[in-house]
Amino acid sequence: AASASASPEETLSRIRGFVAFFFGCETCSEQFLQTFDSCELGRCALAPGDGMGSALWLWQVHNHVSQRVAGERGAELPEPWPTRDECDVCRGAAGQLDDRAVYLHLRSAYWQPFASESFFSFSEPSEMALLLSGIAATGYCAWHALKGSFRHGKSS
């Protein structure tokens, strides 16, 4: 029997639900939900089934949060992830991040069996769900590392 799998838009919606109901930082949840619900960073412009675009949207959210948190703390703004050291091919000649190269880096970092450029598209929507879940979990851990705490569950 075929297993049910989620489309990229369904997966993003499920990540939204996780953040709304289970994310341990209320302020973080509110900010993510506002970003998601207001279609910031082009989420609502993604084409149906655009797994690469969905992964890149989460990546943009991650970098946006890192920049905002550093700014709020008066800290030096971090280099967008992945850094030059982590992915020297992710930047073009002018230093701007290249979406396709970043996507391939995401795949190699979070989806080891399919890390090669020859496997550029997802054959099953569930592959996208796994990649997005990995990115969401990484974002959660990174946020708490920046914040200086790591707790499970809602704070009281």
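Residues numbered from 1 in each chain as written. Predicted model: local features only at pLDDT ≥ 70, side-chain atom pairs only at ≥ 80, totals over all residues. Heavy atoms only, no water.

(A) Structural view of the confidence of the model for the protein chain. Taken as a whole, the protein chain shows an average pLDDT of 80; of its residues, 69% reach a score of 70 or greater. Taken element by element, the protein chain is modelled with least confidence in helix H5 (residues 125-147), mean pLDDT 61, and with most confidence in helix H2 (residues 26-37), mean pLDDT 94. Across residues 114-120, where pLDDT falls below 50, the model places 14 contacts with residues more than four positions away in sequence or in other chains. Segment residues 149-156 is flagged for pLDDT under 50; beyond a separation of four residues in sequence, or across chains, it makes 17 contacts in the model. (pLDDT = per-residue confidence, 0-100. Helix = DSSP H or I, 4+ residues; strand = E, 2+ residues; numbered from the N terminus. Contact = heavy atoms within 4.5 Å.)

(B) Up close: helix H1 (residues 8-22). Compared with an ideal rise of 1.5 Å per residue, which puts 15 residues at 21 Å, H1 spans 20 Å between its outermost C-alpha atoms and is within 8% of the ideal. Looking only at H1, the buried set comprises Pro-8, Thr-11, Leu-12, Ile-15, Gly-17 and Val-19. (Expected span 1.5 Å × (residues − 1). Buried < 20%, exposed > 50% of the residue type's maximum accessible area, 1.4 Å probe, protein only.)

(C) Layout of unusual backbone geometry. Omega for the bond connecting Trp-81 with Pro-82 falls within 30 degrees of zero, at -5°, which places this linkage in the cis form. Mapped onto the fold, Pro-82 is located in the loop between helix H3 (51-72) and helix H4 (99-110). The phi torsion at Cys-39 lies on the positive side, around 65°, for a residue other than glycine. Note on placement: Cys-39 falls in the loop between H2 and H3. Given the relative accessible area of 26%, Cys-39 is considered partly exposed. For Leu-41, which is not glycine, the phi torsion reads 60° and is therefore positive. When you line up the elements, Leu-41 lands in the loop between H2 and H3.

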